[in-house]
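For reference, the chains in residue letters:
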Amino acid sequence: MRITTTVNGTEHEVDDVWAGESLLYVLRERMGLPGSKNACEQGECGSCTVYLDGEPVCACLVAAGQAIGREVTTVEGLATEGELHPVQEAFVEAGAVQCGFCTPGLLVAAHDLLERVPDPSDLEIREALAGNLCRCTGYEKILDAVRLAAARQARP
Amino acid sequence: MREFRYERAADPAAAVALLAAAPDGAFLGGGTNLVDLMKLGVATPDVLVDVRELTSREVADLPDGGLRIGAGVPNADLAADRRVRERFPVLAQALLAGASGQLRNRATTGGNLLQRTRCGYFTDVTKPCNKRSPGSGCGALEGVHRNHAILGQTIAGSDDPATCVTTHPSDMAVAMVALDAVVRVLGPDGEREIPIAELHRLPGSDPSRDTTLRHGELVTAIDVPALGMPSRYRKVRDRASFAFALVSVAAALDVRDGVVRDVRLALGGVAHKPWRASAAEYVLRGMPATEASFAAAVESELEAATPLRDNAFKVPMARNVVVRTLLDLAGRDTERELA
Amino acid sequence: MTTMDRLVGAGVDRIDGPAKVRGTAPYAYEQDPGEPIAHLAVVQSTVNRGRISRLDPSRAEALPGVLAVLTPANAPRLGKGLASDLPVLQSLDVHYQGQVVAAVVAETSEIAKAAVGAIAVGYDAEPPDVALSPDREDLYAPEKLMAGFATDSIIGDVDGALAAAVVSIDATYETPTQHHNPIEMHTSMARWDGDSLTLWDADQGPHNIVNDLVTGFGLDAGQVRVISPYVGGAFGSKAFTHPNQMLAAMAARVVGRTVVYELTRQQMFSLVGHRTPTIQRLRLGADPEGRLTAISHEVVEHTARIAEFAEQTATPTRVLYAAPHRRTTHRLARLDVPPPTIMRAPGETPGMFALESAMDELAVVLGLDPVELRIRNEPERDPERDLPWSTRNLVECLRTGAERFGWAGRDLRPGVRTEGRWLVGTGVASATYPTRRRKAQCRISVDGAGRYVVEIDGSDIGTGAWTALTQIAADALGTDMASVELRIGDSRLPFAGGAGGSTGLASWGTAIVFTARDLRKQLDEQHGGQPPAGGLSVDGELPGESPHAKTHSMHAYGAHFVEVRVDRDSGEVRVPRATSVYDAGTIVNAKTARSQLLGGFSMGVSMALHEGSVTDERYGHYVNHDLAEYHVATNADIGEIDISWLDVDDQLANPIGLKGIGEIGITGAAAAVANAYWHATRLRIRDLPITPDKYFRELGES
């Protein structure tokens, strides 16, 4: 099966994709984009979160064929021209990154939240990030990071 | 995961025709359950017919004030729909209580109805399960079943091919059952409508079948008739978010002059299907909207409970949350909320 | 030490942060071995005890893309001397469910996984023996516990003192099997060049892994290189070698090219260890003022049939409170389970749940504030080793925490506070963890321009070590962080033990400080204080424990204060806020340290409310072996947590004055939650986790 998908603004075409592969597998193994992480393969941890046609999804549960002709944005696509996105900056500054393995998925989920809700309440943050498990941080600094990024984006 | 073909169809009818010709095939919606089950080796279709973008993504008004929800409407979109939030809070709340944002973005309304159980014996191909592997027995009956059914199970011994004690995992379906939704399906023989109470089944003598759908039948839409009373969904789970229900309650209550004029009540996490608490509803209609009435009603429903060794807690838990949910609804001014 | 106070203490952003938020930090799976990679998948036993009777690899071997199928019949023979479950595929015997009985190597991971399904295995099996009970007749006393602790300690006449005590407690507490569940799954990628092996690996310290590979494959230490710069969490499961490293190396040798093996989440539940379940009987005797006269802490826990792992569960009871008569014991049951291993604060985590719950129960009987009870039993010296403390500020932690939390005026009565349908309560518990350090070597080089390279085989599993060590080095060298390049996570670097036992910074940091001192001395004495044009390189070593460790008892301390809310209808539990205050000595990086302490405490809340691997005793397996059913705390489960530390240091422990922060946060946390739960509900839950069903059990309604 041939998969043609636009990833981070660039069209990728890969051949001989087996129908049983997931979008996550295609991104990591065939397109050389290892930023999205494989950690549970069941949609339970959120480490593989990517945008699919503008909506965050667990790439591990998207069958490869379902990505044909769609637009995907991964954590690698958040920075522009090498500059970290404010959400990425805030995660580093707030101490929201520890082992870093849940981080790419959290960044996509947090990025999406701030696109939809520029000034989210704590409850909205927790709900938006409910599908992203973190085993290191206890989540507090992740909340801080989202609040920080929201405040930065609010500045003119 | 074994070999299979991935197919897209031009329209729903073509998808139905494709699947009708493939006895071991399956429709693929959002994939949030099916892809997982395929990785685990629980589901082994030889053809996947992708219907994620095929069925309607529209939520349309029905003349009576109800809604026709396309089977392809993502759960997230449905939960966010203003009409759903205003007219059917129970449905919006149930949707938001399920899974996570990422999964709700991907999961479809049709697919949500057809989720399979999360029983740990069903999802482990090395262990017995009559649902996954008919005749292999039931691992849960005498095993780990803290979060299993208390109503309507088939209990005929661990080795009996009919035994099944698991629950249906969907939150949305519990709300739909309380709302008397009608499931519209397209099959090889044309269209038909299935009242949702007749869609999901109890294990009976064949636990392998979750629903009354026939092979090749595709859910195209769900009609939710007008409700005309306040409603809400309450879910109890082991952690604050992202967990399946221990017990959930979908309720709607119409109280006038302190008397229950109408009530809808469905329970999740207690049976092989979303459990319509018809006995409780029957007892309640015409009764004063008091804690005593609500308690008596739910007791009449739970009289039939046959809890297992380790899940008897679900009986008082269900009783308490039903009573609390109804009290909460009764405390509201029905007429003002409808105005 | 004037150079020590410039960067140490500052909340510097982690230097590995930018790469991690860009998604470019290469974890083990993402390393480039320089050649095409083959993938490995495993067949696991479905029985706990027995022997393989039938294993036919031919169907799998015939599948396109399959390069090899390894079985006990054809797998390369590994060297003698491998312990536990490391002799992978060396025998037909099965010792636990999930044991690897065959492995497929294929062109892609999907092909390998598909081929696994084509391998049928038969067993001559015996029923699993997996049920832990204090009534088992085969319980035995191990020779020693983990980390060299004595199995038992007995001082005075405990039974006599308990019988004579005016007030006493006798209660049994249980903690379940727990699994580490780091977010990154264990991954090993092996490449052979002749007889030299390179392993890119997810582990807590490359040197921890090298020795087993040397033994297994009959190599010299110089022929093995283990590389693990980025590790996605560990918590103990990546501390030691497990079957994954052996399998990757074995398979790579067989197929003659690089092989990677990444565990699935489900496989983590059987292949890389777990925390043993415990059953702990606590008996406390006290006088009417609450002064303890006797403490007895008897532990029953499990180990595997093929390996002894004796968790040091009652060891915190040996140091925490004064009492003239005292006893701690540990007894093991050898079961048909995978080998247990260390998991965040092994010993202290389950042990402190029991001890600190029992102290709360004693306070209730006495009608005494539980903070005051702890203060009244503060020992002047280590009560069992009879040594002075290096530093001990537990009372200060309790007092400061009480102040920050708003503990004063707390109503002692349980079950009397409500807010809507919530029952509200508060609870307290102490925290403690030993302060240690281990042997470590270091090399520091400086070039003519004053740029430093610091090399040590330390490890950053998410702790912040990368950043904190750079701060320590910059201070010790009298320079700024930008002038220091730190190299860690590679067994070619000077020796260091792995991240574990909260010893990382104490060991690696001290080795860096010692080596930096040597370097500066040489620069001063031989080069006029300036780096020579050709540069200079110095090797240094920290021999091991502090010279004061034999004469002083060294521990970190803390106090947790927790508010718990329990829904009176459903039994659901929430922890909306908590305060923890620590005596952890010098804090090297305020930002990364806070995260470590927050993370440790949160894992304790997760343990209290959610975590437990549930065994089916008939089939012998963990039923909830994935992240859908093994619940860890989600974002919504963790409330506002106030973390602070005392401004103290411990110069007897190490020249930096730190005590280690990786584990102190989790110790006692679960007890604080359980104690607050009692205060909210009047219900005392003595078996974790505190799930909603137990509310109805304790009410007698189920």
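Every chain's residues receive numbers from 1 upward, in the order its sequence appears when written. Ligands are numbered from 1 and chains lettered from A, in the order in which they are written. Selection of residues for local features in this predicted model requires a pLDDT of at least 70, selection of side-chain atom pairs for listing and counting requires 80 or more, and totals for whole chains, interfaces and linings are taken over all residues.

Where an unreviewed UniProt entry is consulted, chain C appears under the name Xanthine dehydrogenase YagR molybdenum-binding subunit, with the organism given as Blastococcus haudaquaticus.

The name given to chain B in an unreviewed UniProt entry is Xanthine dehydrogenase YagS FAD-binding subunit, with the source organism recorded as Blastococcus haudaquaticus.

1. A word on the sheet that holds strand 3 (residues 49-52) of chain A
All names here are of chain A. Strand order in the open sheet formed by 5 strands is 2-1-5-3-4, and the pairing between neighbours is mixed. The two strands at the open ends of the sheet, each matched to only one other strand, are strand 2 (10-14) and strand 4 (55-58). Strand-to-strand twist across the sheet, computed as the mean angle between neighbouring axes with direction ignored, equals 40°. Two strands pair when backbone bridges link them, and strand 1 (residues 3-7) and strand 5 (residues 71-73) are joined in this way by 2 bridges, in the parallel orientation. Across the sheet, residue Val7 finds its bridge partner in strand 5, namely Val72. The sheet contacts of helix 3 (residues 103-116) involve strand 3 and strand 4, and relative to strand 3 the element is tilted by about 45°. Here a strand pair is declared whenever DSSP counts at least two bridges between the two strands. Helix numbering and strand numbering both begin at the N terminus, where a helix is a DSSP run of H or I of at least 4 residues and a strand a DSSP run of E of at least 2. Helix axes are fitted to C-alpha atoms over the stretch in contact, other axes to C-alpha atoms as well, and angles between N-to-C directions run from 0 to 180 degrees. We call two residues in contact whenever the C-beta atoms placed from their backbones are within 7 Å.

2. With respect to the environment of Val564 of chain C
Residues and elements named next belong to chain C. Residue position: Val564 is located in strand 22 (residues 555-567). Three classes are used. A residue is buried when 20 or more other C-beta atoms lie within 10 Å of its own, exposed when 12 or fewer do, and partly exposed in between, with C-beta atoms placed from the backbone. We classify Val564 as buried; it has 31 C-beta atoms within 10 Å. Distance in space between the C-alpha atoms of Val564 and Arg574 is 5.7 Å, their sequence separation being 10 residues. In this structure Val564 touches Gly425, Gly427, Val573, Val575, Val673, Ala676, Tyr677 and Ala680, once residues within four positions along its chain are discounted.

3. As for the packing of helix 10 (residues 291-302) of chain B against helix 11 (residues 314-330) of chain B
Residue and element names in this part refer to chain B. Packing of helix 10 against helix 11 leaves a shortest axis separation of 9 Å and a crossing angle of 140°. Crossing of helix 10 against helix 11: the hand is right-handed. For the pair helix 10 and helix 11, contact is made by Glu291, Phe294, Ala295, Val298, Glu299 and Leu302 and by Val315, Ala318, Arg319, Val322, Val323, Leu326 and Leu327, respectively. When residues are grouped by polarity, Ala, Val, Leu, Ile, Met, Phe, Trp, Tyr, Cys and Pro land in nonpolar, Asp, Glu, Lys and Arg in charged, and all others, Gly among them, in polar. The residue inventory of the contact of helix 10 with helix 11, partitioned by class, reads 10 nonpolar, no polar and 3 charged. By definition, turning the near helix anticlockwise from the far helix through less than a right angle yields a left-handed crossing, and turning it clockwise yields a right-handed one.

4. Focus: the sheet that holds strand 14 (residues 292-304) of chain C
All names here are of chain C. With respect to topology, 5 strands assemble into an open sheet ordered 7-15-14-13-8, the strand pairing being mixed. The open sheet has two free edges, formed respectively by strand 7 (153-155) and strand 8 (167-175), since each of these has just one partner strand. Taken pair by pair, the neighbouring strands of this sheet meet at an average axis angle of 15°, ignoring direction. Relative to strand 14, strand 13 (residues 278-286) runs antiparallel, the two being bridged by 9 bridges.

5. Brief notes about the UniProt feature "domain: Aldehyde oxidase/xanthine dehydrogenase a/b hammerhead" (unreviewed entry) in chain C
Mapped onto this numbering, the UniProt entry annotates "domain: Aldehyde oxidase/xanthine dehydrogenase a/b hammerhead" (unreviewed entry) at residues 22-127 of chain C. Split by type, residues 22-127 of chain C is 12% helix and 32% strand. Its first and last C-alpha atoms lie 50 Å apart. UniProt positions are given in the numbering used here, feature names are shortened, and annotations may be inferred rather than shown by experiment.

6. With respect to the confidence of the model for chain C
For chain C, the mean per-residue pLDDT works out to 97, and 99% of the residues sit at or above 70. For this predicted complex, the interface score ipTM comes out at 0.98, while the overall pTM is 0.98. What pLDDT conveys is the predictor's confidence in a given residue, as a value from 0 to 100.

7. Considerations on the interface of chain B and chain C
A common way to state how big an interface is: give the accessible area lost once the parts meet. In this complex, chain B contributes 26 residues to the contact, which on the side of chain C involves 31 residues. Of all the elements, helix 11 of chain B adds the most residues to the side of chain B that touches chain C, at 5 residues.

8. Some points on helix 5 (residues 89-97) of chain B
Residues and elements named next belong to chain B. For helix 5, the buried fraction is high: 8 of the 9 residues fall into the buried class. Of all the residues in helix 5, the buried ones are Val90, Leu91, Ala92, Gln93, Ala94, Leu95, Leu96 and Ala97. On the buried face of helix 5, the contacting elements are helix 3 (75-80), helix 4 (82-87), helix 6 (101-106), helix 8 (172-178), strand 9 (231-237) and strand 10 (245-256). Taken from the residues just after helix 5, Ala99 is the one with a positive phi, measuring 55°.

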